[in-house]
Amino acid sequence: MPSVDSKDHRSRRSRRDGDSQVSNVSPLRVSGSPFSMKTVGIGVLVVCLICSWQFILLTRHVDQPEPHGTIGQNAVNEAMWRYIGVHEANLSSMAYQQRDIAHVLGELGEELKRQHKELRLVEEQMHVQGNGRGADDFSAQLQLEDKRLAHLQRSINQIAQQTSASILPAQQRWERDLEKERPRPPPVPERPGERPPPQVDGISGNFPKEWLERFSHEELMASAEEAEKWREGAKKTVLHAWNGYKQKAWGEDELKPTSGQKGRTWAKCGLQILDALSTIYLMGLTEQFDEATKWVEESLQFDYVGMVSFFEITIRALGGLASAHSLSGREIFLTKAKELADKMMPAFDRETGFPATQVNLQTGQGAKGWYAGTVLSEAGTVQLEFRYISQQTGDPKYAEMADKSMRSIIRASGGRGLVPWGLSRQGAPRAINQHITFGAMGDSYYEYLLKMYLQTDSTEPEWKEAWERAMREMMQRLVLKTQGGLTYVAEEQSGQVKHKMDHLACFVGGMLVYGARQLPASQVDKAWEPAAAGITETCYQMYHRQPSHLAPECVTLVPNGAEGNDMTIWQNAAHYLLRPEAAEAIFYMFYYTGDPKYRRMAGEIYEAIEQHTRTTYGYSAVRDVRQANPQMRDEMETFFLAETMKYLYLTFLPNPREVLDLNEFVFTTEAHPLRVFRKGGQAVPSNLRGNR
């Protein structure tokens, strides 16, 4: 309805009425009013009809008659999923109608008030001009109209009360029930200002309180001094690989470190540069970080013709750019991260939120890969990166799709904690195989549940609750111990335990101690941290027991094996790909405990890498760790600089908290630090956040 300027309307009316005769005033329409009594009555009738229709929409059932025979569980799930969508659509529509009805009722109420005032004005003028019979008759008509207006006013008030009492509370109840289905954009803190890379100059001697509760200051100083050679060596390792890449393959996705040729093409986006950004920043390599920034500004394009891995581009490229922005505050990294995210967004499935296995960055078209369904780790390991883009841009669409994917996984779990790695691609989310693993194809889903909760400053409990369910079941069913004392994470296939552990599964050691120290003590299972220490020891033994002191890709644990005879290489998977997960677990254990033994573990692994994998232009994966001098494969994954060397370097620091505070940052699965989202941009004191 058109708005009415009450002040101007009254002033115009008063000027006109001064020159008009009473006999010219109609009893059915006051001159100058935009509404007749008939119009008002029709308006009330329309409002009644709309309210009745809304009530029918709200109370009707959408259940369809069952076909003859029994409906399968999948069909029921799909039907329920569809009906929820119908109800939510109806409620959204009614919410808008509710707003419009309120607006109409308000307009009608205001108009009735104006009609009352105008009737009073006309009546006053009649008394001034005379009291003839015609005037008396007209006065009687005015009183009758006044009663009608009062009746209409009461009707409008009654309709408004009924509308608020019936429709709105029902809408609110439905919205409450569906709250978990609606993605919530994270709070938007202030953008970080530009910050130079941190510089470590010697040993400060400042150690965390909890370290000093277990070790003397002298012990910690001795450990830090011992690690200085490894810390300096780690920086030189990264510089050697960086310079070889710059010399032979600058701007390409990978370098072949032995031959000096370019390696695989992932998306023709300088993937090695993007994946190494956060490492060279944390190492204080200012010159290299500046030259990488310049390349991003001048040369980075996302125009590769062909399909690329959605998962790998998310964790390596998008995560690398987001982390570089989060650490340095340089806007070019956020600009490019948003550009990449926009190109990937069309490949999310609108119903489930699951990302396609592959995406064309030019068209946004998604495609399936080697697996017909959806891989658990691929659908559950994009959230931290896309949520960061929403948090920094204020546009919730990125977080909405990523969170929708995670909620679909939780829905597919059927209330269980552990989820098979094979999920449906279409229809209602469901598991389509029975293989549970914390290794390849399952791993980082569990990692991201915990980190999503911590990323938003512990404000979204649904992620923590799903993680806790998974941890309870993992501890009960899959965390086992050999007779020789090795704690490990087994797999489960069709209900049968498989005593196989991937190197990838070593991340569990870090995840458990991270949860034990970051969550409030009242929410922590006391078995988590001892299990974390045991798993980390087992992962160290994967390296230590091999002649090369490098770890194989997978091992088989022998439950009744004695010490030294309780681990073998699984199905000849003796290659080493420069993987980071053991170094990751060691870093987390050292970060929270300060125990010097973890530094020595990291030092042994670093020395083996330097001795057996160094090439002319970088560092190479090896074919067989059982050989004292293993043959090289001429492959250097970008995660070697992104993760392996970052975790080792941070472990060698005198106090890693002085460079990276895990109360303020969350690592992605590719070891890219992203700032914790603070409500209102304010930090929460660490003593209020959990058991640090």
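Because the structure is predicted, anything quoted here is derived from the model rather than measured. (Residues numbered from 1 in each chain as written. Predicted model: local features only at pLDDT ≥ 70, side-chain atom pairs only at ≥ 80, totals over all residues. Heavy atoms only, no water.)

1. Remarks on the side chain of Glu210
Tracing the chain through its elements places Glu210 in helix H5 (residues 209-212). A distance of 3.0 Å separates a polar atom in the side chain of Glu210 from a polar atom in the side chain of Arg657. (Helix = DSSP H or I, 4+ residues; strand = E, 2+ residues; numbered from the N terminus. Polar contact = N/O pair within 3.5 Å; in protein donor to acceptor, adjacent residues only side chain to side chain.)

2. Notes on the sheet that holds strand S1 (residues 307-309)
Spatially, the three strands line up as an open sheet ordered S1-S2-S3, and their pairing is antiparallel. Edge positions in the open sheet fall to S1 and strand S3 (366-367), since each of these has one partner strand only. Packed on one face of the sheet, helix H9 (residues 310-328) meets S1 and strand S2 (358-360) and runs near 60° to S1. (Pairing = 2+ DSSP bridges. Contact = heavy atoms within 4.5 Å. Axes fitted to C-alpha atoms, helices over the stretch in contact; angles between N-to-C directions.)

3. Regarding the confidence of the model for the protein chain
When pLDDT is averaged along the protein chain, the result is 83; 71% of the residues meet or exceed 70. Scored below 50 in pLDDT, residues 1-35 makes 46 contacts in the model with residues more than four places away or belonging to other chains. Low confidence marks residues 681-692, where pLDDT is under 50. Its contacts with residues over four positions away, or in another chain, come to 31 contacts. (pLDDT = per-residue confidence, 0-100.)

4. Description of the layout of surface pockets
Each pocket or cavity is described by its volume, and for the largest pocket that value is around 720 Å³. Along its surface, the largest pocket is lined by 32 residues, and Phe311, Glu312, Ile315, Leu504 and Arg579 are the ones closest to its centre. Those elements that provide at least two residues to the lining of the largest pocket are S1, H9, helix H11 (376-379), helix H14 (443-455), helix H18 (581-593) and helix H20 (639-652). When residues of the lining of the largest pocket are assigned to their parent elements, the largest contribution, four residues, is made by H9. Across the lining of the largest pocket, the residue classes break down as 13 nonpolar, seven polar and twelve charged. (1 Å grid on protein atoms, 1.4 Å probe; cavity = no way out; pocket = protein on both sides within 12 Å on 5 of 7 lines; lining within 4 Å. Points joined across faces, edges and corners; volume = space filled by probe spheres on them. Nonpolar A, V, L, I, M, F, W, Y, C, P; charged D, E, K, R; others polar.)

5. A short note on the packing of aromatic side chains
How two aromatic rings sit relative to each other is set out by the distance from centre to centre and by the angle between their planes. Counted according to the given criterion, the structure contains 27 aromatic pairs. For the pair Phe207 and Trp211, a centre-to-centre distance of 6.2 Å together with 25° between the ring planes defines the contact as stacked. We note that Phe207, like Trp211, is buried. Look at Trp467 and Trp528: their rings are 5.0 Å apart centre to centre, the planes differ by 70°, and that puts the pair in the edge-to-face class. In this pair, Trp467 sits in helix H15 (residues 461-477) while Trp528 sits in helix H17 (residues 528-544), placing the two residues 61 residues apart along the sequence. By the burial criterion, Trp467 is buried, and Trp528 matches it. Between the NZ or CZ atom of Arg316 and the centre of the ring of Trp266, over which it lies, the distance is 4.6 Å. (Phe/Tyr/Trp six-rings, centres within 6.5 Å; stacked < 30°, edge-to-face > 60°. Buried < 20%, exposed > 50% of the residue type's maximum accessible area, 1.4 Å probe, protein only. Lys NZ or Arg CZ within 6 Å of the ring centre and 35° of its normal.)

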